[in-house]
Amino acid sequence: MQTPVLEIDHLSKSYGHIKALDDFTLTIHKGEVFGILGPNGSGKTTTLGILLDILKADRGNYRWFGKLPDSYVRRRIGALLEQPLFYPYLSAVRNLELVADIKGAKYDEIDGILKKVGLYERKTSKFKTFSLGMKQRLAIAAALIGNPEVLILDEPTNGLDPKSIAEIRNLIIDIANKGLTVILASHLLDEVQKTCSHVAILDKGKSLHSGKVEDVLNSSSQLELKSENMSILKTATSKFEFVSESKVEKETLVLSLKQDVDPAWVNKELAGQGIYLSHISLRKRSLESYFLELLSGNDA
Ligand SMILES: Nc1ncnc2c1ncn2[C@@H]1O[C@H](COP(=O)(O)OP(=O)(O)OP(=O)(O)O)[C@@H](O)[C@H]1O
Ligand SMILES: [Mg+2]
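The model shown is predicted, which means the values in this text are computed figures rather than measured ones.

Draft legend 1. Examining the site of ligand 1 more closely. Neighbouring ligand 1 are Tyr 15, Ile 18, Ala 20, Gly 38, Asn 40, Gly 41, Ser 42, Gly 43, Lys 44, Thr 45, Thr 46 and His 187. Here the shell around ligand 1 gets three residues from one element, more than from any other, and that element is helix α1 (residues 44–51).

Draft legend 2. Region of interest: the environment of Leu 233. As for its placement among the helices and strands, Leu 233 is situated in helix α9 (residues 230–237). The buried category is assigned to Leu 233, around which 21 C-beta atoms lie within 10 Å. Between the alpha carbons of Leu 233 and Thr 46 there is a distance of 49 Å; along the sequence they are 187 residues apart. Setting aside anything within four residues of it in sequence, one finds Leu 233 in contact with Leu 225, Ser 227, Leu 253 and Ile 275.

Draft legend 3. Main features of the pairing of strand β8 (residues 198–203). Counting buried residues along β8, six of its six residues qualify, which places the element largely inside the surrounding structure. Side chains His 198, Ala 200 and Leu 202 of β8 all project onto a buried face; the interleaved residues Val 199, Ile 201 and Asp 203 project onto the opposite face, where all are buried too. Of the pairings in the sheet, the one linking strand β3 (residues 33–37) to β8 comprises four bridges and is parallel in character. Among the inter-strand pairings, Phe 34 is bridged to a residue of β8, identified as His 198. Of the strand pairs in this sheet, β8 and strand β9 (residues 206–212) are connected by six bridges, and their pairing is antiparallel. Paired with Ile 201 across the two strands is His 209, which belongs to β9.

Criteria and thresholds
Residues numbered from 1 in each chain as written. Chains lettered and ligands numbered in written order. Predicted model: local features only at pLDDT ≥ 70, side-chain atom pairs only at ≥ 80, totals over all residues. Near = placed C-beta within 6 Å. Helix = DSSP H or I, 4+ residues; strand = E, 2+ residues; numbered from the N terminus. Buried ≥ 20, exposed ≤ 12 C-beta atoms within 10 Å, placed from the backbone. Contact = placed C-beta atoms within 7 Å. Pairing = 2+ DSSP bridges.

Below is the structure:
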């Protein structure tokens with residue numbers, strides 16, 4: 001088995017009495033696009049800050065490429081944390097040259113990177129003339145300088161319009177397809193669902209779930225049922241062990257499921273009790289419904 005790109009081992013960090021990060025453990029492998037998804041204040045930026053050695057954890061540690069962090073290892077990581085600083089009166093290309101100087105990278109990769117992020121035609125324009133979306137693409141370009149193996153992005157589409165969001169999303173997918181590992185912090189479910197292969201869901205500094213996005217989406221979470229006599233149906237289904245909750249939505253009984261069930265079995269079982277269904281259908285889970293379920297469970 002290949003050494004993981006990143007192993008996070010029981011990280012905790014508090015600011016006074018606020019637990020920004022509470023025993024967070026996670027493993028990320030090469031080529032994964034890993035979303036760290038959580039509401040505002042859940043500890044995403046704190047996590048990334050620790051991983052980039054900008055912040056110190058109170059407890060726990062992490063390994064990049066199997067090694068405890070050192071300056072050599074960090075050169076293999078490109079990062080975009082919140083707003084990067086560019087010089088407003090310098091051109092896009094000059095700003096990137098300054099980034100290359102800091103990273104000890106050569107200038108000859110800059111044109112290729114500008115093409116990749118779609119700014120090559122505007123390379124001589126001053127930074128201050130750029131739109132928000134262009135500024136964000138330049139920030140991703142800066143993170144790509146030095147040919148990193150891992151790209152860390154903190155809320156890369158913050159404040160952008162839907163078209164720019166789609167452009168950034170496609171850019172990230174493109175970058176990931178070239179084999180880079182991407183770690184993306186976001187509070188946007190849709191962004192994580194559309195861009196990421198894996199997700200860790202954070203709330204109040206705690207990881208509530210981590211795994212493949214696909215596995216969340218493929219699990220069925222709810223079953224819709226309709227029958228002539230809804231109250232008899234409700235009573236009958238309340239005896240099923242796999243049901244965690246039931247409610248009536250627009251004359252349809254909606255059962256929340258603890259595990260996958262076969263609708264054919266449910267249909268047969270109810271028919272055996274003289275209850276005939278006019279409608280039965282499984283609802284696939286969206287990342288959103290799963291996320292909200294997890295968060296409401298964590299409120300207690
Ligand atoms: N320098 C600091 N001093 C005190 N508290 C802090 C500091 N930085 C972060 N926090 C607190 O730690 C918690 C986690 O913050 P963090 O910035 O990691 O969240 P986030 O998930 O990135 O949120 P957002 O989606 O708003 O960017 C919050 O309660 C925040 O108020
Ligand atoms: Mg943040």
